[in-house]
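Per-entry structural report
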Amino acid sequence: MIEIINISKSYDDYPAVKSLNLQMNEREVFGMVGTNGAGKTTLLRMMAGVLKPDEGRIVIDGETVWDNPAAKSRVFFITDDAYYFMNATPEDMKEYYRRIYPAFDLERFGNLISNFGLDTKRRISGFSKGMRKQLSVIMGICSGCKYLFCDETFDGLDPVMRQATKSLFAKDMEDRGLTPILTSHNLRELEDICDHVGLLHEGGILLSRDINDMKLNINKLQVVFETEDDRTKLESGLEVIIHKEQGRLHTYTVRNNRETVESILGGTGTVFAELLPLTLEEIFISETEVVGYDIKNIILS
Amino acid sequence: MTSRTSSSPEIQTRDLQIELSKRRLWILAPSILAYVCYFILGTILVLARARRVYHIWYGGNMELSMEEFLQQTTAGWLGMGSAVAVITVIIAILSGFAGFSFVYRTQSADFYFSQPLTRKRQFLNIYLNGAVVFAAMSFGFTLIGLLVAGGMHGVTAAILGEIALNWLRNLVLFAAVYNTTILAVLICKNQITAIFVTGIFLGADPVAIGLSEYMKSMYYATYYNVNWLLGARLTYRPRIFSPIVNFVYGADVWADNKANELAAYGGVWKFDLAMLIFAVVIGGLVYFAYINRKAEDIGTGVVHPAIKNILKLLVAIPVAMMGAVAVDVMMENSYGDIHVLSIVILVFVAAIVCMATEMICAGRFKAALKSAWYIAIAAAGAILLFCVYKKDLTGFDRYVPEITEVEDCAMFKDYSFREVFDDNGSYLNSTQYYLTNMHLTDISTMTGIAQAGQETQRHNAIAGATEDVERINGNDAVISYHMKNGRYIVRYVTIPEDFDPATMDKIIGSDEYRRVAFGVDRAVGQVKKWDAFGTMNYNVGYDTNMSKLSPEVFGEFGEAYKADLKKYDYSLASSEYPVGTVTYSSDNQNAYGTYFNYTFEVYDCYTNTLEFLKAHDLYLDPRPDPADISQLDIYMTVFDEDTDESLYDCEAVFSERDQIEAVAEHIITANWYEWKLNDRTAGVTVSTMIHKKDSDKSIPSEYYGSILNSDIPQEMLDVLNEHITYYYGNEGGNKASMTYTEDIIID
């Protein structure tokens, strides 16, 4: 488990991360989403032991990360633009990583390289961006580390590769308890892989929720009431997050489960009432509008 | 697939070192090439060449055997002071950058810092890789070079020891330069800034040394540089901030010790210790800097504003000061008042440097005026430093050491006409000779003379820069204090003309002075040692007699001259001109080791010497017979009596008997003398007849002399003033075009 306890980090006078608390469970795919400058990469770099927090601490499996090889040996950090030695080939990088991560799986490396169609003797400097990302994912998988930090890794992959990578993650999660932590601009990108999503904005966490819980506990409701009293009755019985009115049509986003909504609707006089499914994006927008953020403008689609 | 939740096997240091070494092939390859060229090819070529040129250089003079010559060559190529230190410095700098410049890119920083290693282990791993690779490489190639030299008969046990010592010194030098480079890398945020800062760290002290000497020569009127003459052993001191300087100084002291047949390592240890201490201290700072380096310190400038500001001032202050100095140089104003333009330029340069530093650190032009108040600090610092030299705030020109701290002194003319030779017949620099051989023990008298001389020297320097101050006439001299701590303090002075002659006599008339200044015993001893015959000349200006003499006879001359020297003192030398000059020169002027040329001025009161000259048919009357003079060609410069500026030149030839007789007795032909000051003199070419000994023949001859203007009769002066050949000043030039023979011969 990764615990982020009251973490703050500033670059000169610019606060990149502010008093952030977060918890990431094992065997779950945790996705962090946010715009540029939200603090995703900064947080990930602190979790990887690259940056030292100004305040707070990050604990991985009970050990503080900073300057701690025992904790860092459980982590493999795949950066947005991975670093490779000058004129190195995948073979060279494999040799290096296997010395740094003694549990490196050489056989698996060979298989994956072959499956992904990468040439081990070819210079990495000649690879495309996507191929470099593929290689870094392969290195991470084969390192044998428990936690895999992927900084916008999926953003450069084509759909086929993306799916292949997701499959790899799923397999390793099942086989050896791999715990991927992903960051992305794109909420839709994370929706079908992540178990848990955190939304960062301006250095802080706006929300961090289990995706299923979010989907279960937030519902969208469109209603046309018979009388104003019915409206009042409904609104008092539900936890309304957002309410929009178009003539007699009322659209509510409520933080209640489906059963509760249906139960209250049953006792209210309505001309029309319908429960609608919400996408993850809509859930996020709903949650953040409540606290005053017009998240539509900051989450890229 | 196995679970990886248990702790992984430990990372092996050997594996890390192998991987790091693979990344440094781009340094290893050229380094190995350089070492191959130096230690293998270079050693072979140098010793082969030495073998070939041995016979050319030494010929029949077998002071060194072939083996000794080869060994000497090996010591020069592989021993202390060998040029391999240049390779060491280059490798150290490259290794420092190669190992640690990964901190300048987020990509590489993330790569390295995310690895499961503590900062400490990571630092040691990278650091030691560079050091161990260098140590192994340099040791291996030094050994190979040694074997090559040994195979060519160029190695003895002593040389082996010297080469081993040199290797150790190079190791320390590497550590010092390596650490300095890494420190620069770690306190900067990008490679360009790091290169500049490395240059500042390594070059600041040597530049400061050079700048200090330049400023002293520029502004201190009594400054006189003798370091190059005294040698490293007597002048060099360990530098706190420069390992390269300490390395070079140590090698120079070693060479100096060997040349003076002293314990070779004597004194060298101080420089090596300074290098080692520097390396260790900087190494500690490097470790601290790495452990505390933030991975996000990437971009422009340095990791802390305080570092930037210190570097800014370190560069801005001396550079701004040089701006002011440049104005003084262009206006020839070393000793004048501080010119307003100097301050303006100084402030301008301070501003430029400060702004440039900010722009470089921030990576943008708009940052130029950030922390602008540092311009004021830099300017103030530069002005203060400038004034330290310009106004001699430290009292350099006034400084006279405490008598109790002085071992002995020396005093001599800056330029001596007397040539000095070592026992091998090679020229000795006369200043060096006086510094190391003259030991005047009347220190209180010397300090009194020095005080007056230093004051006058500075006064005259200022007089040269301003019209309001008149120059004081006097004798230029060099005064040296040999301190009890072994150091030399030397000043260039002008002893005023009216200085108490009795005080000067105490020094000039002392045996301590005369023995060294004239070097009679030295000359006689050398000639006897070489058993060299020579030719003695006695020159009185208008004529010269010469005679071949044996060393024994020269010894007799020496005794006669030494007896007469007891009459020599300042009072004599300052009031009279010598009547002639004796020189004794080797016959074979070209043979190595036997060349000599001794010069001794003869005064009218030197009865013993004159008797010797008469006894050996060398004597000549100090003045020619006026009847033998056919004409006098007098050329004179006329000065403005008030301003002392040159007005015009004039020339005239006089052939009337009464004119010749009026002037002839006043003609000064002596060229070689000290302590005699001249009034205004005119030049004169004397056309005369030389009567040859043992012959009826007389031959026409000319000789050159001078005459005091005050000794020229007025009527002749009038004639001269009518024959102007050149005007000085704005409208200067040759105004009178005249044919020499026809127009200016006056009957």
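Residues numbered from 1 in each chain as written. Chains lettered and ligands numbered in written order. Predicted model: local features only at pLDDT ≥ 70, side-chain atom pairs only at ≥ 80, totals over all residues. Heavy atoms only, no water.

**Quick look at the overall build of chain A**
What chain A contains, in helices and strands, is 11 helices and 14 strands. Taken over 301 residues, chain A has a buried fraction of 55%. When contacts within chain A are restricted to residue pairs at least 6 apart in sequence, those whose partners lie at least 24 apart make up 68%. Working note: accessible area of chain A is about 12,800 Å², and carbon and sulfur atoms make up 45% of it. (Helix = DSSP H or I, 4+ residues; strand = E, 2+ residues; numbered from the N terminus. Buried < 20%, exposed > 50% of the residue type's maximum accessible area, 1.4 Å probe, protein only. Contact = heavy atoms within 4.5 Å. Areas by Shrake-Rupley, 256 points an atom, 1.4 Å probe, with all protein chains shown as cover.)

**Here's the deal with the nonpolar core**
Nonpolar side chains in soluble globular proteins tend to end up buried together. Counting 153 residues, the largest nonpolar core has Ile-2, Ile-4, Met-47, Phe-149 and Phe-169 of chain A together with Phe-100 of chain B as its most contacted members. Residues in contact with Ile-4 of chain A, not counting those within four places in the same chain, are Leu-20, Asn-21, Leu-22, Met-24, Leu-43, Met-47, Arg-57 and Ile-58 of chain A. Listed in part, the 107 residues of the second largest apolar core include Val-406, Ile-443, Val-516 and Ile-690 of chain B. (Core = buried A, V, L, I, M, F, W, Y, C linked by side-chain atoms within 4.5 Å.)

**Overview of the sheet that holds strand β8 (residues 580–586) of chain B**
Remark on secondary structure: sheet strands pair via backbone hydrogen bonds, oriented parallel or antiparallel. Residue and element names in this part refer to chain B. The antiparallel open sheet is built from four strands, whose spatial order is β7-β6-β8-β9. Each edge of the open sheet is held by one strand with a lone partner, namely β7 (544–549) and β9 (597–602). Within this sheet the neighbouring strands show an average axis-to-axis angle of 15°, counted without direction. Note that β8 and β9 share six bridges and pair antiparallel. Bridge pairing links Thr-581 to Glu-601 in β9. Sheet strands touched by helix α21 (residues 551–565): β6 (534–539), β7, β8 and β9. Its angle to β9, the strand with the most contacts, is close to 35°. (Pairing = 2+ DSSP bridges. Axes fitted to C-alpha atoms, helices over the stretch in contact; angles between N-to-C directions.)

**Focus on a negative patch on the surface**
All names here are of chain B. A surface patch of negative charge is lined by Asp-625, Glu-656, Asp-658, Glu-661, Glu-715, Asp-718 and Glu-722. Going through the elements one at a time, α24 (657–664) and α25 (714–721) are the ones with two or more residues in the negative patch. Secondary-structure assignment places Asp-658 in helix α24. (Patch = residues over 30% accessible without salt bridge, like charges linked within 9 Å, V, L, I, M, F, W, Y side chains within 5 Å. Salt bridge = Lys/Arg side-chain N within 4 Å of Asp/Glu carboxyl O. Lys, Arg positive; Asp, Glu negative; His and termini not counted. Charge placed at Lys NZ, Arg CZ, Asp CG, Glu CD.)

**Notes on the pattern of salt bridges**
Counted according to the given criterion, the structure contains 41 salt bridges over all chains. One salt bridge connects Lys-258 of chain B with Glu-162 of chain B, and the closest N-O pair in it is separated by 3.2 Å. Placement of the pair is Lys-258 of chain B in helix α11 (residues 243–259) and Glu-162 of chain B in helix α7 (residues 157–187), with a sequence separation of 96 residues. Sharing partners across several salt bridges, the network here consists of Glu-91, Lys-94, Glu-95, Arg-98 and Arg-99 of chain A together with Arg-14, Asp-15, Glu-19, Lys-22 and Arg-23 of chain B.

**Things to note about the interface of chain A and chain B**
Across the contact, 35 residues belong to chain A and 32 residues belong to chain B. A buried area of about 3,300 Å², summed over both sides, lies between chain A and chain B, and 60% of it is on carbon and sulfur atoms. For the pair chain A and chain B, the interface holds four salt bridges. The closest approach of N and O atoms between Glu-19 of chain B and Arg-99 of chain A, which form a salt bridge, is 2.6 Å. (Buried area = accessible area lost by both parts, 1.4 Å probe.)

**Observations concerning the packing of aromatic side chains**
If you walk through the whole model with that rule in mind, you get 65 aromatic pairs over all chains. Judged by centre distance (5.8 Å) and plane angle (75°), the ring pair of Tyr-97 of chain A and Phe-111 of chain B falls under edge-to-face. One end of the pair, Tyr-97 of chain A, is in helix α3 (residues 90–100); the other, Phe-111 of chain B, is in helix α5 (residues 106–113), on a second chain. Classification of Phe-111 of chain B as buried rests on a relative accessible area of 7%. For Arg-23 of chain B, the ring lying beneath its charged end belongs to Phe-85 of chain A, and the centroid distance is 3.9 Å. The lysine or arginine in question, Arg-119 of chain B, covers the ring of Phe-113 of chain B, its NZ or CZ lying 4.0 Å from the ring centre. (Phe/Tyr/Trp six-rings, centres within 6.5 Å; stacked < 30°, edge-to-face > 60°. Lys NZ or Arg CZ within 6 Å of the ring centre and 35° of its normal.)

**Regarding the sheet that holds strand β6 (residues 75–78) of chain A**
All names here are of chain A. Pairing is mixed in the open sheet, where six strands are placed in the order β6-β7-β8-β3-β9-β10. Bordering the open sheet on either side are β6 and β10 (204–210), each of which pairs with just one other strand. Within this sheet the neighbouring strands show an average axis-to-axis angle of 15°, counted without direction. As defined by bridge partners, strand β3 (residues 30–33) adjoins strand β8 (residues 179–184) across four bridges and the pair is classed as parallel. Along β8, the bridge assignment pairs Val-33 with Ser-184. Sitting on the sheet, helix α5 (residues 129–143) is in contact with β6 and β7 (147–151), with an inclination near 180° to β6.

**Thoughts on unusual backbone geometry**
The phi angle of most residues is negative, glycine excepted, and most peptide bonds adopt the trans form. In this structure, Asp-61 of chain A is a non-glycine residue whose phi angle is positive, near 50°. Relative accessible area serves as the criterion here: at 26%, Asp-61 of chain A is assigned to the partly exposed category.

**A few points about a nonpolar patch on the surface**
A grouping of Tyr-265, Trp-269, Leu-273, Leu-276, Ile-277, Val-280, Val-281 and Leu-285 of chain B is seen on the molecular surface, where their side chains present a nonpolar patch of about 730 Å² in accessible area. Within the secondary structure, Tyr-265 of chain B is located in the loop between α11 and α12 (268–292).

**Focus on the side chain of Thr-198 of chain B**
For Thr-198 of chain B, the position within the fold is in helix α8 (residues 191–219). Exposure remark for Thr-198 of chain B: the relative accessible area of 4% places this residue in the buried category.

**A closer look at the pairing of strand β5 (residues 488–496) of chain B**
Residue and element names in this part refer to chain B. Across the nine residues that make up β5, a large majority, nine, are buried. With nine bridges joining them, strand β4 (residues 474–483) and β5 adopt antiparallel strand pairing. The residue of β5 that forms the bridge with Val-478 is Tyr-492. In textbook terms, the turn of a hairpin is the stretch between consecutive antiparallel strands, and for β4 and β5 this stretch comprises four residues, one of which, Gly-486, has a positive phi near 95°.

**Examining the confidence of the model for chain B**
All names here are of chain B. This prediction gives chain B a mean pLDDT of 89; 93% of its residues lie at or above 70. Counted against residues more than four places away or in other chains, residues 736–747, with its pLDDT under 50, gives 26 contacts. Note on the complex model: pTM 0.84, ipTM 0.88. (pLDDT = per-residue confidence, 0-100.)

**Here we look at α21 of chain B**
Spanning 15 residues, α21 of chain B covers 20 Å between terminal C-alpha atoms, matching the ideal 21 Å at 1.5 Å per step. Listed in full, the buried residues belonging to α21 of chain B are Pro-551, Val-553, Phe-554, Gly-555, Phe-557, Gly-558, Ala-560, Tyr-561, Asp-564 and Leu-565 of chain B. (Expected span 1.5 Å × (residues − 1).)

**Things to note about the packing of helix α6 (residues 119–151) of chain B against α7 of chain B**
All names here are of chain B. α7 packs onto α6 with a crossing angle of 155° between their chain directions and a minimal axis gap of 11 Å. The orientation of α6 with respect to α7, classified from their angle, is roughly antiparallel. Two packed elements cross with a definite hand, and for α6 against α7 that hand is right-handed. Facing α6, whose interface residues are Ile-126, Tyr-127, Gly-130, Ala-131, Phe-134, Ala-135, Ser-138, Phe-139, Thr-142 and Leu-146, α7 presents Leu-160, Ile-163, Trp-167, Asn-170, Leu-171, Phe-174, Tyr-178, Asn-179 and Ile-182. (Parallel < 35°, antiparallel > 145°, perpendicular 65-115°, else oblique. Left-handed = near helix turned anticlockwise from the far one by under 90°.)

**Things to note about the environment of Val-325 of chain B**
All names here are of chain B. Mapped onto the elements of the fold, Val-325 is located in helix α13 (residues 305–330). Among the residues examined, Val-325 registers a relative accessible area of 1% and is labelled buried. C-alpha of Val-325 to C-alpha of Asp-15: the two residues are 310 residues apart in sequence and 57 Å apart in space. With sequence-adjacent residues up to four places away left out, Val-325 is seen in contact with Tyr-214, Met-215, Met-218, Tyr-219 and Phe-386.

**Details of the environment of Thr-251 of chain A**
Tracing the chain through its elements places Thr-251 of chain A in strand β13 (residues 249–254). With 30 residues separating them along the chain, Thr-251 of chain A and Leu-221 of chain A place their C-alpha atoms 5.6 Å apart.

**Re the side chain of Thr-181 of chain B**
All names here are of chain B. Note that Thr-181 resides in helix α7. Within the structure, the side chain of Thr-181 is placed 2.8 Å from the backbone oxygen of Val-177, a separation counted as a polar contact. Not counting the four nearest positions on each side in its chain, Thr-181 is found in contact with Ala-92, Ile-93, Gly-96, Phe-97 and Thr-198. (Polar contact = N/O pair within 3.5 Å; in protein donor to acceptor, adjacent residues only side chain to side chain.)

**Structural notes on the environment of Asp-505 of chain B**
All names here are of chain B. For Asp-505, the position within the fold is in helix α18 (residues 501–508). As for Asp-505 and Ile-90, which are separated by 415 residues in sequence, their C-alpha atoms are 58 Å apart. A distance of 2.6 Å separates a polar atom in the side chain of Asp-505 from a polar atom in the side chain of Ser-571.

**Side note on the packing of α6 of chain B against α12 of chain B**
Residues and elements named next belong to chain B. Two elements in contact, α6 and α12, have axes separated by 9 Å at closest approach and are oriented at 130°. If you check the angle between α6 and α12, you find them oblique. Two packed elements cross with a definite hand, and for α6 against α12 that hand is right-handed. In this structure, α6 contributes Arg-119, Lys-120, Gln-122, Phe-123 and Ile-126 to the contact, and α12 contributes Val-286, Tyr-287, Tyr-290, Ile-291 and Asn-292.

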